[in-house]
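Geometric and topological summary
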Amino acid sequence: MSRISFAEIPALIKDAKNPMIVTGAKSNDCIIEQAMKLSDKLGIHIAATGNTIADFRGKDFKRCSKEWIAEVTNFMIQPEWQGYDGKGKPDMIIFAGYLSSVLDRFLATLRAFTSCKTLTLDNKYMANATFSLSPLSLNDWETKLKDAIEQI
Amino acid sequence: MKKEPEFREVKVGKTNIPLKDLVRDPSGIENVIKEALTEPRLGWAERRLQQIDVKLHFSPSARELEEWDKILLDRYPPVYHPTTDDCNMCPLGPCNLLKANAKGACGMDMNTKMAHESLTKSCKGTSIQISGARDLIKEALKRFDMAKEISHGENVRYPSINPCVLVGFDIYTIADADRALLYAEQQIAELLASATYGNESDVIDLEEKAFHAGSLFLLAAEIAELIKEACFGLCSASSKNLVDLPNFPHFVDQGAGTVDTTKPVIMFAGSSVVPGVETVELLKSKDLIEKIEVAGVGAAGIDIGRYFEGTKNVGSATDILKIIRLGLPDVLVAGEQCIPLNILAECKNAQIPVIATSNKACMGLDDRTDDEVESIVSDIVDKKIPGALVIDSEKAAAAAVQIAQKISGTKDVSLPDIEKAAQACVGCGTCSATCPNELMITEAMGSAKQGNTAALSEVYDSCIYCGKCESTCPGSIPILSLIIKSAQEKIDTEKYKMRAGRGTPSELEFRDVAFAFGFGTVSGIVAFAGCGANPGSKDDVGYMANKLIELNYLVLSGGCAAIDMASYYNDFKQKHLYEAWNSLFQIEGIVNCGSCSALSHIARGFYKYTHVIARTPMRANYTEQADYIYGKLPCAIIMWGPVSEQMYAAACGFARMGVTVVMGPHGAKFNRSLMGNANDRSKWWCYEGFTGKKNEVEPCPPHLIVSVETKEEALVMVTRLLFRTNDFRDGRISKFDSYLTMYEDYFKGLPEDFNKFVRSDAEIPWTKKHKLMRILKEKYGWETENGQLIRAKHPDGRMLSPEEYAAEYGIRVGQYSTFVPRLILKADERAKQEEE
């Protein structure tokens, strides 16, 4: 929906009242590190899909749970769902670590059937996300992502 | 005016059963109903007819089976992934459906639009099987008459289960098959009509119809298998004795490296079994069978391999562009389905002539069916035409043999020089960005520019040869060819042994294992289906199959997944998968049923369970069959790389039977899942079959069709989806053990939802009991003492004694249960039983 720059990320995340991080099977070390950092800064939950829970548990990170991307999406369209931490349904989901063509399908569901905003931190544009980045070289993307998270 | 019925009642034992109580309208089918009730081996017991409210559905429309479909779709409502914001289904469009509560001019909302797409997709997938079965019947009738007897083999007790549960009669002859297929043809037309503008408007009605199309898929697939086995000689395990089965059937060579290109090579693609059989027979009759290679890709490779041991199975359907680019075939004989639309252009570039053999995939070629073989051959060999459409299997076979002999050794095609071609790469990143699996192609091309092809060769390991990188490359670099060339040495070593498809698991094997589910010896049945459209799919599918076999699951395969797993290497046994395990439908076995139509054999196996265990009659008795499978039989399908509409239809067909389906990541692109909500307690219930008491039960299976991201997730999800409401104690222990072990191995912890599946402490695996009891106490508030359950916490918050808990949560072990109100024992029958 909207291409954003890295500079816009801090404000977008700060504006959210109850954001949630969701990490996917394609997460690399950078994503795992930055997800933990963001979670620590804001005290928000990480829904670890794919095999990423093993990475978080390997680092003894607690504010996370093993979830499934299809279930995350399904819960989001249930009116009564209160989030994995019980603090209410997230108003923004921050996704990272996905095959874009696959995540795009789940983003399409969130876009059509919920009012939740979605922000993808991956290094590719996803048309069904509310906010998405443009592709960069891997090194540039990592550097800029770290900077953006640092500023929150 | 309807004609008077031939009779109004059927006598079963001493009881007269009025026909109108069993079916909505018995006119004209009185004898079919009578046979279904009284057939000596598979008919109804008098007592059972009295116990429940029996309703039979002979050749039903989707609507007639809504009783069951609504139960499933209420528990697992569809979750859609919209493809577009707008609806363009009618001339009033486009109508934007994205905003909340938005409706189009006709009243269509986003969910309804997606349900329409779902039904259309399921119909398209099923139409392939139906028309394929019809083509096979036509071919069979060129060789036999309608009275020709057909069966899966002499050891078959249940002749044709998938058709039988719908049409209500068994198939013994081609005429019977024709009659059953006619029903499917009428139904598919009706279903497709429902998906047109101005007809069906309700999401659940549409999804019921998508289910129905799926059931028709399995019906038509079984008819296709019957014809292939009985009329065209494809091998079937049901013709063998049990002692012969561990090594039945033969192995075929699998892999691109198995083809001997010093000989002429005839390659079959798509579904082209009859031309393949004709070619083999022709080669044998001319004493050429050792001198010409018969190879197949996708369904053709599996089916022809069931007929002829010397067939070279070069790969799953997604491998076809690789095979063409390598220039392996001297002629390609193409049937229908799973063939890329650009295959003719690809073949032209590789100087490979094409013989198209299906009315459904004419490829723009001239119809030369009525011409002499010599004329077709000379026009093709002289390059006047790139190929020909020949809708005559014998003629196509004769032309293919001659063309292969003449073309062999004359092709002058080689893959481009990598370093030279890579110089045009500017590193724009389009290839990686458009690759469906986001492989690191751009970086690999960068290295190739410097003369290092190792990274490209690594890309090959995960490539599915779709060619999207190449078609989007702004510099028109033949990237796919470069990837393939970089791995030429690897390709030469792609030589594996694959067990040929063997049709249905035999009755003898099934009887052996039927009770093993209850005793916990076997945790469940997992069948692999679908195409190789996932990165590293070959290793992934093999890894999953091998892991499940090691954990005592019964493993079946069908379709291209069966091909993909052949290359998996079992390090411990130091053998590839099919050589590492026997081919029995038993523990430590792997059964390759055959091509996509052989998925019907997998469904047959599930239905047989209901009859072996519960004597549930099959004819026109779909609901009771599905109710039993869903509640009791731990069975699931993994569709790792689903691609075609066929797999969508198959998933619908299995899901309706109560069989859970796990899809690989690209399964999300089917744009619909059927997902349960474990938090909504109102959805998880079951009737005690004797009392009719509606009990809250575990959320199991949690989903009906769901996609996952990784093979590890697929394994854990499938063990989770094998929980059933009516598990026996030992079966539940076994499932728990597998679920928890797999979860801990891959996710380094215990699942958050395990407490929901605990019905009693006696069902917790011993090796994990103390740990789990402690967690139940500390995290979930249960009362335990020394590893024993004192009071359990019901989902409504009440603390209950183990006895009270067992009575109020879940179904008591071994008790008859059902999800269908009319299958609850009638009150007077219950009273009679209590008296007895």
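Residues numbered from 1 in each chain as written. Chains lettered and ligands numbered in written order. Predicted model: local features only at pLDDT ≥ 70, side-chain atom pairs only at ≥ 80, totals over all residues. Heavy atoms only, no water.

1. Examining the overall build of chain A
- If you tally the helices and strands in chain A, you get six helices and seven strands.
- From first element to last, N terminus to C terminus, chain A shows the α and β order β-α-β-α-β-α-β-α-β-α-β-β-α.
- For 152 residues, the compact-globule estimate of 2.2 N^0.38 gives 15 Å, and chain A sits close to it at 14 Å.
- Summarising its shape, the C-alpha atoms of chain A cover approximately 40 × 35 × 25 Å along the three principal directions.
- Scored against the burial criterion, the 152 residues of chain A give a buried share of 60%.
- In chain A, the proportion of contacts linking residues at least 24 apart, taken out of those at least 6 apart, comes to 59%.
- If you sum the accessible surface of chain A, you get close to 5,800 Å²; carbon and sulfur atoms cover 48% of it.
- Between the mean site of the 19 positive side-chain charges and the mean site of the 18 negative ones, chain A shows a separation of 2 Å. (Helix = DSSP H or I, 4+ residues; strand = E, 2+ residues; numbered from the N terminus. Rg over C-alpha atoms; globule rule 2.2 N^0.38 Å. Buried < 20%, exposed > 50% of the residue type's maximum accessible area, 1.4 Å probe, protein only. Contact = heavy atoms within 4.5 Å. Areas by Shrake-Rupley, 256 points an atom, 1.4 Å probe, with all protein chains shown as cover. Lys, Arg positive; Asp, Glu negative; His and termini not counted. Charge placed at Lys NZ, Arg CZ, Asp CG, Glu CD.)

2. A closer look at the overall build of chain B
- Summing up its helical and strand segments, chain B has 34 helices and 28 strands in all.
- The C-alpha radius of gyration of chain B comes to 28 Å, within 12% of the 28 Å expected for a compact globule of 836 residues.
- For chain B, the spread of C-alpha atoms along the three principal axes comes to 85 × 70 × 65 Å.
- A buried classification covers 64% of the 836 residues belonging to chain B.
- Sequence separation of at least 24 residues holds for 74% of the intrachain contacts in chain B that already meet a minimum separation of 6.
- Computed over 95 positive and 113 negative side-chain charges, the separation of the two mean positions in chain B equals 2 Å.

3. Some points on the packing of aromatic side chains
- This structure, assessed with the given rule, holds 27 aromatic pairs over all chains.
- Summarising the aromatic geometry, the rings of Phe95 of chain A and Tyr98 of chain A are spaced 6.0 Å apart at their centres and angled 80° between planes, so their arrangement reads as edge-to-face.
- Judged by its relative accessible area of 1%, Phe95 of chain A is buried.
- Look at Tyr98 of chain A and you get buried, because its relative accessible area is 2%.
- Ring pairs connect the aromatic residues Trp68 of chain A together with Phe723, Phe736, Tyr739, Tyr743, Phe747 and Phe757 of chain B, which therefore count as one cluster.
- In this structure, Lys34 of chain B packs its charged tip against the face of Phe7 of chain B, placed 5.6 Å from the ring centre.
- The ring of Trp766 of chain B is capped by Lys769 of chain B, whose NZ or CZ atom sits 4.6 Å from the centre of that ring. (Phe/Tyr/Trp six-rings, centres within 6.5 Å; stacked < 30°, edge-to-face > 60°. Lys NZ or Arg CZ within 6 Å of the ring centre and 35° of its normal.)

4. What to know about empty space enclosed by the protein
Residues and elements named next belong to chain B.
- Evaluated as defined, the whole model comprises eight cavities of 30 Å³ or more.
- Gly298, Ala299, Ala317, Cys338 and Cys560 are the residues nearest the centre of the largest cavity, which is lined by 13 residues in total.
- Per-class residue counts for the lining of the largest cavity are nine nonpolar, four polar and no charged. (1 Å grid on protein atoms, 1.4 Å probe; cavity = no way out; pocket = protein on both sides within 12 Å on 5 of 7 lines; lining within 4 Å. Points joined across faces, edges and corners; volume = space filled by probe spheres on them. Nonpolar A, V, L, I, M, F, W, Y, C, P; charged D, E, K, R; others polar.)

5. Structural notes on the pairing of strand E24 (residues 703-707) of chain B
All names here are of chain B.
- In terms of burial, E24 is largely enclosed, as five of its five residues are buried.
- Bridging between strand E21 (residues 672-675) and E24 involves two bridges; their strand directions are antiparallel. Looking across to E24, one finds that Leu674 is bridged to Ile705. (Pairing = 2+ DSSP bridges.)

6. Here we look at the nonpolar core
Residues and elements named next belong to chain B.
- Within the largest apolar cluster, 136 residues are counted, with the highest numbers of intra-cluster contacts made by Ile223, Ile227, Phe606, Ile637, Phe654 and Met657.
- The greatest single-element share of this core, amounting to 17 residues, is contributed by helix H8 (residues 203-232).
- For Ile223, the residues in contact, after removing those within four places along its chain, are Ala133, Ile137, Pro163, Ile171, Ala177, Ala180 and Leu181.
- Tyr578, Ile638, Cys700 and Trp782 belong to the second largest nonpolar core, which has 121 residues in total. (Core = buried A, V, L, I, M, F, W, Y, C linked by side-chain atoms within 4.5 Å.)

7. Details of the layout of surface pockets
- By volume, the largest pocket is sized at about 1,200 Å³.
- Looking at the largest pocket, it is lined by 35 residues, and the ones nearest its centre are Cys338, Ile339, Pro340, Val643 and Ser644 of chain B.
- Those elements that place two or more of their residues in the lining of the largest pocket are helix H5 (110-141), helix H11 (320-325), helix H12 (343-349) and helix H29 (645-656) of chain B.
- Take the lining of the largest pocket: its biggest share by element is five residues, from H5 of chain B.
- Here the residues of the lining of the largest pocket sort into 21 nonpolar, eight polar and six charged.
- If you add up the space inside the second largest pocket, you get close to 1,000 Å³.
- Those elements that provide at least two residues to the lining of the second largest pocket are strand E4 (64-66) and helix H4 (69-76) of chain A together with helix H31 (729-747) of chain B.
- Counting residues per element, the lining of the second largest pocket draws most heavily on H4 of chain A, which supplies three residues.
- When its residues are assigned to classes, the lining of the second largest pocket shows 17 nonpolar, 13 polar and twelve charged.

8. A short note on helix H32 (residues 769-778) of chain B
All names here are of chain B.
- Every buried residue belonging to H32 is among Lys769, Leu772, Met773, Ile775 and Leu776, and all of these are buried. One side of H32 holds all its buried residues, which, seen down the axis, span an arc of 160°. Among the exposed residues of H32, those pointing more than 90 degrees away from its buried face are His770 and Glu778.
- In this structure, the buried side of H32 is in contact with H31, strand E25 (783-785) and strand E26 (788-793). (Arc of directions from axis to C-beta.)

9. Focus on the pattern of salt bridges
Residue and element names in this part refer to chain B.
- One pass over the structure, following the stated rule, counts 70 salt bridges over all chains.
- In this structure, Asp69 engages Arg656 in a salt bridge whose closest nitrogen and oxygen atoms are separated by 2.9 Å. Here Asp69 is found in helix H4 (residues 66-75), whereas its partner Arg656 is found in helix H29, with 587 residues between them in sequence. In this structure, Asp69 and Arg656 share a single accessibility class: buried.
- The shortest N-O distance in the salt bridge between Asp753 and Arg720 comes to 3.0 Å. With Asp753 in the loop between H31 and H32 and Arg720 in helix H30 (residues 711-721), this pair connects stretches of sequence that are 33 residues apart. (Salt bridge = Lys/Arg side-chain N within 4 Å of Asp/Glu carboxyl O.)

10. Comments concerning the side chain of Thr504 of chain B
All names here are of chain B.
- Note on placement: Thr504 falls in the loop between strand E13 (496-499) and helix H22 (507-514).
- For Thr504, a relative accessible area of 0% gives the class buried.
- Within the structure, Thr504 has its side chain in polar contact with the side chain of Arg604 (distance 3.1 Å).
- Apart from the residues lying within four places of it in its own chain, the contact partners of Thr504 are His152, Ala237, Ser238, His601, Arg604 and Lys608. (Polar contact = N/O pair within 3.5 Å; in protein donor to acceptor, adjacent residues only side chain to side chain.)

11. Structural notes on the side chain of Lys768 of chain B
All names here are of chain B.
- Mapped onto the fold, Lys768 is located in the loop between H31 and H32.
- Here the side chain of Lys768 touches Asp737 through a polar contact of 2.8 Å, side chain to side chain.
- Within the local environment of Lys768, its side chain forms a polar contact with the side chain of Thr741, the two groups lying 3.0 Å apart.
- The contacts of Lys768, once residues within four sequence positions are left out, are Asp737, Leu740, Thr741 and Glu744.

12. Notes on the sheet that holds strand E6 (residues 117-120) of chain A
Residue and element names in this part refer to chain A.
- The seven strands are arranged E1-E7-E6-E5-E2-E3-E4 in an open sheet whose pairing can be described as parallel. The sheet is open, and its two borders are formed by strand E1 (2-4) and E4, each paired with just one other strand. Here the strands of the sheet are splayed against their neighbours by 25° on average, with no regard to which way each runs.
- The strands touched by helix H2 (residues 29-42) are strand E2 (19-23), strand E3 (46-48) and strand E5 (92-96); relative to E2, the strand with the most contacts, the crossing angle is about 165°. (Axes fitted to C-alpha atoms, helices over the stretch in contact; angles between N-to-C directions.)

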